[in-house]
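Coordinate inspection notes
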Amino acid sequence: MPKGGDRKVSELYVSGAAGRISNTSGGKMNIEERRRMCLDLQEELLGGRTLVIAANRGPVTFELDKDGELSFKRSGGGLVTALTGLAQNVDATWIASASTPGDVAFDEGTVPINEAGDSIRVKFVHPTDEAYDQYYNVIANPLLWFLQHNMWDIARAPTINRKTWKAWEEGYLAVNGMFAEAIAGQILSNHLPSLVMLQDYQLYLAPKQLREALAQEEVEYTLTHFIHIPWPGPEDWGFLPPAMRRKILEGLCAVDMLGFQTREDSLNFIRTVETHLPRADVNYTHGRIWFQNHATFVRDFPISIDVEAIVKLANSEEVREYREQIAELSDRYYMIVRIDRTEPSKNIVRGFQAFDELLDLHPEYKDQVVFLAILAPSRLEVEEYKTYLDEIMAAVGRVNAKHGSSEWEPIRVLVGDDYPRAIAAMQVYDTLLVNSIADGMNLVAKEGSIVNRQDGTLILSDRTGARQQLEPGALVISPCDVYATAEALHQSIQMSLDDRKEKASRLRYIVEREDIRDWLCRQLEAIRDLGL
């Protein structure tokens, strides 16, 4: 089915278009009213507090030139945009691990965050290279990351030995302690109550360490922690040594509010505590854990994208130039697209196997459909990742050799970390394939839904966090079912224009309504409603 000039192409969705969402009282408000309400809430909640954000990476990275002069580059992504947005008109500090010699040289100080003159204080902790390597490259990645993405091959990995335990004690525990010490110092330096927002799996132990550091101090603070990756059930956590597992659970049960991407993640955490943390009292109905005379409330806050920023980028000259380059494919063929890092959890090989199956089952698609994969190399210093990239390229070669011809290459692969090029491809896909084995969220599914101009369809793994929100507009598949994925590709190609338009509109509405600012707003609402 070659693509002709009579295909209906929708207008690029513009941020701020009319839409309605429910507020907590059951009424209705449009998106702009919701945003104003969130700004009011931000001022109300933070007006009498200081803000401390703690994450492995900071909002900026510093570089030293040959003359010893410092310059900095702002980190990308909606998370930095949302969290630094909180810093406007608030005394805010972001604590992170130094990752460059420039970070070490800067140590701490104030940096601007926008053209309006707002700033945020940045403070770096300075683990040794060895301690950081143990903390990040032995424990956080791959041990915890692989566990939480169900990526262990239990018959062979992990093997927890003396080196692992050394990394746990001298790396993960020690670096978390450095964060706790830095946060405690920041809290004690302020005369106002503090809101502390920790981020992700690198800092599981810091909350309890912080409580212990401040146990004898008369200070007021609220402690939250948001986990960006999946949380598996207690069966998976049972493979981690009891001492490690207990430390992690005790750490997270020291926070006041613990946030996850999905309801399933939240329930899995409560189940894990119930199974593996003796003397903890859990309440599923209220999403509450009582442990050592402390209540932890567990909630889900699906993270999202900065819609305004991505629409602005999609309309840029750089993206337009890339889109014109891709037009050779998008104008001639029905185009399936995937945008991924080359991580085993992304399930890229099975996606190509499903395309192979599609061409076997429906040979009429030969010379009519092309699969464009834009892949960013990831963690190639880790053997499993390097091996997986080799497997990806081998799978591409097999499909192209089996089905291709001198005029038609079924799969085109572009390797490189080029975000504007990825946005250009997302604008012109007919089908976007996201078949991850496990994803905390998967923002590609949301980015594609916003910028796509073709009323393209989304095929979405039921193991992504994005499914909780996007299922009404997606074709949902099991990531291991190659045949079902092939059938979903066939259904996508055959879908009527009206059905495509309806699903695409539904996806755009959901993502626009629940953007990165709404993610942050919902956390602030929960803090207010819980009286924290």
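Residue positions within a chain follow its written sequence, with the count starting from 1. The model is predicted, so local features are restricted to residues of pLDDT at least 70 and side-chain atom pairs to those at 80 or more, both for listing and for counting; the totals for chains, interfaces and linings are taken over all residues. Values reported for side chains reflect all heavy atoms of the structure, with hydrogen atoms and water molecules removed beforehand.

Remarks on the packing of aromatic side chains
Pairing of aromatic side chains requires ring centres within 6.5 Å, counting the rings of Phe and Tyr and the six-membered ring of Trp. Pairs whose planes differ by under 30 degrees are stacked, by over 60 edge-to-face, and all others tilted. The tally for this structure, following the rule as stated, stands at 20 aromatic pairs. Look at Tyr132 and Tyr136: their rings are 5.6 Å apart centre to centre, the planes differ by 15°, and that puts the pair in the stacked class. With a gap of four residues between them, Tyr132 and Tyr136 both fall in helix α4 (residues 129-148), about one helical turn apart. Tyr136 shares its class with Tyr132; the two are buried. Between the NZ or CZ atom of Arg379 and the centre of the ring of Trp145, over which it lies, the distance is 5.0 Å. For helices the rule is a DSSP run of H or I covering at least 4 residues; for strands it is a run of E covering at least 2, with both sets numbered from the N terminus onward. Think of it in three bands: residues with accessible area under 20% of the maximum for their type are buried, residues over 50% are exposed, and the middle band is partly exposed, with areas taken using a 1.4 Å probe on protein chains only. Charge-over-ring placement is defined geometrically: NZ (Lys) or CZ (Arg) within 6 Å of the ring centre, and within 35 degrees of the ring normal.

Remarks on empty space enclosed by the protein
The way it works is a 1 Å grid over only the protein atoms, where trapped points that fit a 1.4 Å probe form a cavity and open points with protein on both sides within 12 Å along at least five of seven lines form a pocket, and then any residue with an atom within 4 Å of a point lines it. Grid points are joined across faces, edges and corners, and a volume is the space filled by probe spheres set on the points. Across all of its chains, the model carries two cavities of 30 Å³ or more by this definition. Here the largest cavity defines a volume of roughly 40 Å³. Along the walls of the largest cavity sit Tyr429, Gly448, Ser449, Asn452, Asp455, Gly456, Ala504, Leu507 and Arg508, which together make up its complete lining. Those elements that place two or more of their residues in the lining of the largest cavity are α15 (443-451) and α18 (497-513). For the lining of the largest cavity, the element with the highest residue contribution is α18, accounting for three residues. We call Asp, Glu, Lys and Arg charged. Ala, Val, Leu, Ile, Met, Phe, Trp, Tyr, Cys and Pro are nonpolar, and the rest, Gly among them, are polar. Per-class residue counts for the lining of the largest cavity are three nonpolar, four polar and two charged. Considering the residues around the second largest cavity, the lining is formed by Pro59, Val60, Arg74, Thr84, Val111, Pro112, Ile113 and Ile120. Residues that form the lining of the second largest cavity fall into these classes: six nonpolar, one polar and one charged.

Things to note about the pattern of salt bridges
Any carboxyl oxygen of Asp or Glu that lies within 4 Å of a side-chain nitrogen of Lys or Arg is treated as forming a salt bridge with it. Evaluation of the coordinates by the stated rule reveals 32 salt bridges. Here Arg338 ties to Asp340 by a salt bridge, and the two come within 2.7 Å at their closest N and O atoms. Just as Arg338 is buried, Asp340 falls in that class too. For Arg528, the salt bridge identified is with Asp529, shortest N-O distance 2.9 Å. What makes Asp529 exposed here is its relative accessible area of 52%. If you follow the salt bridges from partner to partner, you end up with Glu32, Arg35, Glu308, Glu512 and Asp515 in one network.

Some remarks on the sheet that holds strand β15 (residues 334-341)
Strand order in the open sheet formed by six strands is β17-β16-β15-β18-β19-β20, with parallel pairing between adjacent strands. Edge strands, defined here as strands with exactly one partner in the open sheet, are β17 (411-415) and β20 (475-477). Neighbour-to-neighbour, the strand axes of this sheet turn through a mean angle of 20°, independent of strand direction. As defined by bridge partners, β15 adjoins strand β16 (residues 369-376) across eight bridges and the pair is classed as parallel. DSSP bridges decide pairing: two strands pair if at least two such bridges lie between them. To obtain each axis, a line is fitted to C-alpha atoms, and for helices this fit is confined to the stretch in contact; angles are then taken between N-to-C directions over 0 to 180 degrees.

A look at the pairing of strand β8 (residues 119-125)
Of all seven residues that make up β8, five are buried, and the element is covered over most of its length. Strand direction decides the pairing type here: strand β6 (residues 92-97) and β8, joined by five bridges, are parallel. Residue pairing across strands places Ser97 opposite Val125, the latter belonging to β8. Between the antiparallel neighbours strand β7 (residues 108-112) and β8 lie six residues, among them Gly117 with a positive phi of about 95°.

Side note on the state of the cysteines
Two cysteine sulfurs form a disulfide in these notes if their separation is within 2.5 Å. Per the counting criterion, the structure on display carries one disulfide. The disulfide partner of Cys38 is Cys521, and the S-S distance across this bridge is 2.1 Å. One disulfide, between Cys38 and Cys521, carries an S-S torsion of -90° and so falls in the left-handed class. A residue pair is termed long-range when its members are at least 10 positions apart, and Cys38 in helix α1 (residues 31-46) and Cys521 in helix α19 (residues 516-529) qualify at 483 residues. Across the pair, Cys521 and Cys38 agree in class, each one buried.

Looking at the nonpolar core
Counting residues in hydrophobic clusters, the biggest one holds 107 residues, and the most contacted among them are Phe352, Phe355, Leu458 and Leu470. Any two residues whose heavy atoms approach within 4.5 Å are treated as being in contact. Beyond its immediate stretch of four places on either side in the chain, Leu470 contacts Ala445, Lys446, Leu458, Leu460, Leu507, Ile510 and Val511. Counting 63 residues, the second-largest nonpolar core is a separate cluster that includes Leu143, Phe146, Phe179 and Phe291. Only buried residues count toward a nonpolar core, which is a set of Ala, Val, Leu, Ile, Met, Phe, Trp, Tyr and Cys residues joined through side-chain atoms within 4.5 Å.

Description of the environment of Ile53
Within the secondary structure, Ile53 is located in strand β3 (residues 50-54). Each C-alpha atom of the pair Ile53 and Thr224 lies 9.7 Å from the other, and the pair is 171 residues apart in sequence. Leaving out residues up to four positions away in the same chain, Ile53 has contacts with Leu83, Thr93, Trp94, Ile95 and Met197.

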